[in-house]
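# Architecture and fold: a report
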Amino acid sequence: MRVGNIAKADDIVAVAGLPKTRSGKIMRRILRAIARGEEITQDTSTLEDPQVVELIKEAVLRSKK
């Protein structure tokens, strides 16, 4: 995929938190999986707050209705 000079988001979903590791890094692979509607099969044991993943999934589902 190549991003051109002008790029804009298809959808924006506001959420209360992001999936972060204990050291504070955002786990972008989890966000990509949620955005694509894929099942999360990666290791999530390093998440600071595992519940935030479910909250993001619910927010994405609500936004698509």
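Anyway, here's the lowdown on the structure attached to this text. Note that this is a predicted model, so its numbers are computed, not measured. (Residues numbered from 1 in each chain as written. Predicted model: local features only at pLDDT ≥ 70, side-chain atom pairs only at ≥ 80, totals over all residues. Heavy atoms only, no water.)

### Description of the environment of Gln-51
Short version of the rule: A run of DSSP states H or I qualifies as a helix once it reaches four residues; a run of E qualifies as a strand once it reaches two. Both are numbered from the N-terminal end. Classification of residues uses two cut-offs on accessible area relative to the type maximum, computed with a 1.4 Å probe and protein chains only: under 20% is buried, over 50% is exposed, and between them is partly exposed.
Topologically, Gln-51 is positioned in helix α2 (residues 51-63). The exposed category is assigned to Gln-51, whose relative accessible area is 60%. Sequence separation of Gln-51 and Pro-19 is 32 residues, and the distance between their C-alpha atoms is 8.8 Å.

### Side note on helix α1 (residues 28-36)
Note the following rule: Comment: arc refers to directions from the helix axis out to C-beta atoms. Contact between two residues is taken to exist if any of their heavy atoms lie within 4.5 Å; hydrogens are not considered.
Where α1 is concerned, the buried positions are Ile-30, Ala-33 and Ile-34. Projected down its long axis, α1 shows its buried positions confined to an angular sector of 100°, all on one face. Turned more than 90 degrees away from the buried face of α1 sit Arg-28, Ala-35 and Arg-36, all of them exposed. Check the buried side of α1 and you find it contacts α2. Just beyond α1, the residue with positive phi is Gly-37, at close to 80°.

### Notes on the side chain of Thr-21
Its location among the elements puts Thr-21 in the segment before α1. The buried category is assigned to Thr-21, whose relative accessible area is 14%. Thr-21 has contacts with Met-27, Thr-46 and Glu-48, leaving out every residue within four places of it along the chain.

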